[in-house]
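Single-letter residue listing:
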Amino acid sequence: MLGEELPKLYDAEEHRSNSSQSFQARKNILLKTHGRPPWYDEDGLPVCDAFVIGIAGGSASGKTHVARQIVKSLGSVPTVVILSQDSFYKYHTEEEIALAHANRFDFDHPDALDMPMFAACLADLKACRQSNIPVYSFAEHQRLDETKYLYGASVIITEGIMALHDPSLRALYDLKVFVQCDSDLMLARRIQRDVKERGRSVEGVLEQYLRYVKPAFDNFVLPTSRYADIVVPGSNNSVAIDLISTHVRRQMNERARHFRKNMACTSIDKCLKPNDNHEDWNVIVLPQTPQLKGIYTTLRNEKTSRQDFIFFVDRLATFLAEKAMELLPYRDKVITTPTETAYSGKEPDVKHICGVSIIRSGGPLEKGLQRVLSDVAIGSLLVQSDAKTGEPLLLHVMLPKCIRHRRLAVDTWVFLLDAQIGTGASAFMAIRTLLDHGVQQDHIIFVTFLVAHNGGISVLHKAFPKVRIVCGAVDEGLRETWLEHYHSEGEGHHYGDGRKVWIVEPGMGQIGDRYYL
Ligand SMILES: Nc1ncnc2c1ncn2[C@@H]1O[C@H](COP(=O)(O)OP(=O)(O)O)[C@@H](O)[C@H]1O
Ligand SMILES: Nc1ccn([C@@H]2O[C@H](COP(=O)(O)O)[C@@H](O)[C@H]2O)c(=O)n1
């Protein structure tokens, strides 16, 4: 299967069943990623939709093959997903399933598909929102109870016999393709494939073909070839695939952005106000008590042992998490004490709450959050700088259920965790990701040890004025350097790999490395 040859899959699926049937069903969706560069501008707004290709053609004409070859030849294009129309077969009744097993159910009529759902999922993905895609089993002739979470593709390839049939689908495509194949070849391929992969008999395939597949091809599928921008042959089609990939790559290059550098030279002054009123601030700094300064002195000291570093980071993380908890709304709650007296107290007035950690330097803050919210679900985002361009790349998304589902995300409060805000590029990408999922800006509380005074904080504030940032210290400097300059022999200081990075000064060094190495 191509998925196994591809680089790391990019998903955060809740149910990872190992049954071969649901594994087979999941082949309907294939995904590969090389990391997604910024898809938004300095104001935090998405500036480019995903590029969507719709591939139609007869059954076994080679649509999936074409889609997979495009993925292969796209090479390093950030994140590509293949979405099959099969995922959108409607729920079938027991009766319909019995008919299907007797080859008496028409899967080739447009009404067999949930087109509005297909178009809605595609529209969400195109607009950079998440979607939870149904999973279909050919063996059971049924939609399964699981869904597949998808988010963040910059190229989406949909394929299916009816991919060009529905006007609402056609409106979403940037490129429409029809795979034209000889009927005999399609039938021969279908027999081979359905017997091998879909558990069918030769007689069954022929019966279904003559009764439903061929008439539907003539009536519904072939006529849609007139909508195609490109007609691709069903065999010997490498030239056509090359042309398509070249076109897509060109489109993707036009959309590329240069982000991190622009964010590095800004000022915090606009958002840090010289008063103590949390409501006006979006940066909330812990009171600079001698006790807190003592903790930072230990953490900043390059001579601090790893054991002490971990101890003090954990302590500080708890302070920060408690401070962040102050920003939640609270409602009145009356309880009875063990002395049987009524007590009028408070409790958080939130429907859902979770943490999201930016891997891997957000990790040290997780323990602190778990100390104040013992059963909190914590997801993660992997954002890394591109070695060549320095731009942030979104490499991995693993979010809790209360964010993955839009209807829950709007009522979810999120503690976003990262060790420091330097250029702000990672924070920016993480916040945009949460907003794409439907989390409300004022429900995001960024928790961090350090903020760079002349870093990207001002750009963050301008783009996301309602996001609040809880930190323990604001440092003066942000400087671009080579990581190898910071390679030292001391305990826990091995982070030289020759890449250019922005560092906060005086700072605490690479917090994640000092904590984990
Ligand atoms: N260009 C091609 N050259 C050789 N075999 C192909 C080609 N395209 C498709 N096939 C084979 O034909 C069968 C059906 O192709 P597939 O892409 O699954 O069709 P569809 O998605 O249109 O139903 C598969 O076994 C596949 O390997
Ligand atoms: N339970 C099902 C559902 C669909 N089919 C057939 O699949 C064909 C579409 O898939 P392709 O990969 O061939 O495009 C379609 O022609 C349906 O007849 C099925 O056999 N069983």
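Residues numbered from 1 in each chain as written. Chains lettered and ligands numbered in written order. Predicted model: local features only at pLDDT ≥ 70, side-chain atom pairs only at ≥ 80, totals over all residues.

**Some thoughts on the UniProt feature "domain: Phosphoribosyltransferase" (unreviewed entry) in the chain**
As annotated in UniProt, the feature "domain: Phosphoribosyltransferase" (unreviewed entry) corresponds to residues 287-480 in the numbering used here. In residues 287-480, helix accounts for 35% and strand for 35%; the two terminal C-alpha atoms are 29 Å from one another. (UniProt positions renumbered as here; feature names shortened; annotations may be inferred. Helix = DSSP H or I, 4+ residues; strand = E, 2+ residues; numbered from the N terminus.)

**Some details on the site of ligand 2**
Around ligand 2 sit S59, A60, K63, D86, Y89, A100, F107, D108, F138, H141, I161 and V213, and those are all the residues in its vicinity. Partitioned by chemical class, the residues of the shell around ligand 2 number seven nonpolar, two polar and three charged. (Near = placed C-beta within 6 Å. Nonpolar A, V, L, I, M, F, W, Y, C, P; charged D, E, K, R; others polar.)

**Quick notes on the site of ligand 1**
Ligand 1 sits among G57, S59, A60, S61, G62, K63, T64, H65, R189, R193, S235 and N237. Per-element tally for the shell around ligand 1: the top contributor is helix α3 (residues 63-74), with three residues. Residue composition of the shell around ligand 1, by class: one nonpolar, eight polar and three charged.

**Observations regarding unusual backbone geometry**
Between E505 and P506 the backbone carries a cis peptide bond, its omega angle lying at 0°. Relative to the helices and strands, P506 resides in the loop between β20 (500-505) and α18 (511-516). For A60, which is not a glycine, the phi torsion comes out positive at approximately 65°. A positive phi is found at H141, a non-glycine position, where the angle reads about 50°. Position of H141 relative to the elements: it lies in the loop between β4 (131-137) and β5 (142-150).

**Observations regarding the nonpolar core**
Proteins that are soluble and globular tend to have nonpolar side chains buried together. The biggest cluster of nonpolar side chains holds 124 residues, and the ones touching the most others in it are V155, I156, V414, L416, A430, I431 and V447. For this core, the domains that each give at least three residues are domain 1 (2-254) and domain 2 (267-278 + 287-516). Those residues within four positions of A430 in sequence are excluded, and the remaining contacts are V356, I358, L381, V383 and L416. (Core = buried A, V, L, I, M, F, W, Y, C linked by C-beta atoms within 7 Å. Buried ≥ 20, exposed ≤ 12 C-beta atoms within 10 Å, placed from the backbone. Domains from an automatic or database assignment. Contact = placed C-beta atoms within 7 Å.)

**Notes on helix α5 (residues 115-126)**
If you check α5, its first and last C-alpha atoms are 16 Å apart, about what twelve residues at 1.5 Å a residue would give, namely 16 Å. All buried positions along α5 are accounted for by F118, C121, L122 and L125. Burial along α5 is one-sided: seen end-on, the buried residues are contained in an arc of 95°. Positive phi shows up at C128, right after α5, with a value of about 70°. (Expected span 1.5 Å × (residues − 1). Arc of directions from axis to C-beta.)

**Things to note about the domain arrangement of the chain**
Along its sequence, the chain is carved into domain 1 (2-254) and domain 2 (267-278 + 287-516). Counting residues at the interface gives 19 residues for domain 1, matched by 22 residues for domain 2. Taken together, the residues of the side of domain 1 that touches domain 2 break down into eight nonpolar, six polar and five charged.

**Considerations on helix α8 (residues 202-221)**
A rise of 1.5 Å per residue sets the reference length of α8, with its 20 residues, at 28 Å; its end C-alpha atoms lie only 23 Å apart and thus fall more than 12% short of the reference. The sharpest bend along α8 measures roughly 55° and falls at Y209. Taken residue by residue, α8 has V205, Q208, Y209, V213, A216, F217 and V221 as its buried positions. (Bend = angle between axes of the 7 residues up to and from the residue.)

**Things to note about the environment of S305**
Within the secondary structure, S305 sits in the loop between α11 (290-300) and α12 (306-325). For S305 and R514, which are 209 residues apart along the polypeptide, the C-alpha to C-alpha distance reads 9.2 Å.

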